[in-house]
Amino acid sequence: MIVRVQENLFDAGAELNSFAKNQPTVGAIVTFTGLVRDVAGGLQGMEIEHYPGMTAKAIEAIAADAQNRWSLADVLVIHRYGTLHATDPIMMVATASKHRADAFAAADFLMDYLKSRAPFWKKETTGDGASWVAAKDDDEEALNRWS
Amino acid sequence: MDIMYFAWVRERIGLPKETVETQAATVSDLVAELVAREDRYAAAFADITALRVALDQELSDFDAPLAGVREVAFFPPMTGG
């Protein structure tokens, strides 16, 4: 398991290639990359705050849960904090398995849990000022799929 | 006990972290003590259903006991991913 919480930009392609190396029993890797989206037009920046003492531990617990539920050779989670701009990558998950079904399901699970259970908060700045992104009820309900 | 605030909770209270002396038995009791202090706490904790709490960096709830807890954090629902 690889978990990185960082301010720096990452290269999703390079991360995938590095993750895929030295995995002779792996037949499938699923990756998801989340990008900063300019929802209404005019996004000047997105500030991502996190809880340094808790973030990596919370993500590791979610990744360990995924490893218990599915047959995974490895899991990678990268999540950024700090000031980002439209089109910047925010986060990435990669799951490696013998077969694709486990890799897809685990990546889906990781995304649902990272959205609502990893201690990050997003604040968007536009020409109208800055506002915190509200959590969606749908995101919370998505967790019920896995219980 | 250290108390940490994140996102708009931090902004409403006006600080990221403070250390308090408290005999509060539960998280709810601690919230009541803070709310009684100053308006900015009352504003931040006006609707605790809009808040989440972590005890020693693990998600918890407002009924949880505080015995032995060293760090309490209050924040809005998380928006990771």
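Everything that follows concerns the structure shown earlier in this document.
Since the structure is predicted, the reported quantities are computational estimates derived from the model, not experimental observations. (Residues numbered from 1 in each chain as written. Chains lettered and ligands numbered in written order. Predicted model: local features only at pLDDT ≥ 70, side-chain atom pairs only at ≥ 80, totals over all residues.)

## So, the overall build of chain A
Along its length, chain A carries four helices and eight strands. Traced from its N-terminal end to its C-terminal end, chain A shows the element sequence β-α-β-β-α-β-β-β-α-β-β-α. Here the C-alpha radius of gyration of chain A, 16 Å, is about what a compact globule of 147 residues would show, namely 15 Å. Overall, the C-alpha framework of chain A stretches about 50 × 35 × 30 Å when taken along its three principal axes. In chain A, which comprises 147 residues, the share counted as buried stands at 31%. (Helix = DSSP H or I, 4+ residues; strand = E, 2+ residues; numbered from the N terminus. Rg over C-alpha atoms; globule rule 2.2 N^0.38 Å. Buried ≥ 20, exposed ≤ 12 C-beta atoms within 10 Å, placed from the backbone.)

## A short note on the interface of chain A and chain B
Of the residues lining the interface, 21 residues belong to chain A; the matching set on chain B comes to 13 residues. Every element with two or more residues in the side of chain A that touches chain B is listed here: helix 2 (52–69), helix 3 (100–117) and strand 7 (120–126) of chain A. A total of five residues in the side of chain A that touches chain B trace back to one element, the largest contributor, which is helix 3 of chain A. Here the residues of the side of chain A that touches chain B are counted per class, giving twelve nonpolar, four polar and five charged. (Contact = placed C-beta atoms within 7 Å. Nonpolar A, V, L, I, M, F, W, Y, C, P; charged D, E, K, R; others polar.)

## Points about the packing of helix 2 of chain A against helix 3 of chain A
All names here are of chain A. Interaxial distance between helix 2 and helix 3 falls to 10 Å at its minimum, and their mutual angle equals 155 degrees. Taken together, the axis directions place helix 2 and helix 3 in an arrangement best described as roughly antiparallel. Considering only the axes of helix 2 and helix 3, their crossing is right-handed. Contacts between helix 2 and helix 3 involve Ala 58, Ile 59, Ile 62, Ala 63, Ala 66 and Arg 69 on the former and, on the latter, Ala 106, Phe 109, Leu 110, Tyr 113, Leu 114 and Arg 117. Of the residues contributing to the contact of helix 2 with helix 3, the split by class is ten nonpolar, no polar and two charged. (Axes fitted to C-alpha atoms, helices over the stretch in contact; angles between N-to-C directions. Parallel < 35°, antiparallel > 145°, perpendicular 65-115°, else oblique. Left-handed = near helix turned anticlockwise from the far one by under 90°.)

## A look at the sheet that holds strand 4 (residues 74–80) of chain A
All names here are of chain A. An order of 1-4-6-2 is seen for the four strands of this open sheet, with the pairing classed as mixed. Two strands lie at the open edges of the sheet, namely strand 1 (2–6) and strand 2 (28–35), each paired on one side alone. Direction aside, neighbouring strands of the sheet carry axes that sit 5 degrees apart on average. Across eight bridges, the pairing between strand 2 and strand 6 (residues 89–97) is antiparallel. Directly across from Leu 35, in strand 6, lies its bridge partner Pro 89. (Pairing = 2+ DSSP bridges.)

## Looking at unusual backbone geometry
Residues and elements named next belong to chain B. Residues other than glycine seldom take positive phi values, yet Ala 7 does so here, at roughly 55 degrees. Residue placement: Ala 7 occurs in helix 1 (residues 7–13). Since 24 C-beta atoms lie within 10 Å of it, Ala 7 is described here as buried. Of note, Asp 56 is a non-glycine position whose phi angle comes to about 45 degrees, a positive value. Turning to its location among the elements, Asp 56 is positioned in the loop between strand 3 (52–55) and strand 4 (58–60). Residue Asp 56 is classed as partly exposed on the basis of its C-beta count, with 14 C-beta atoms lying within 10 Å.

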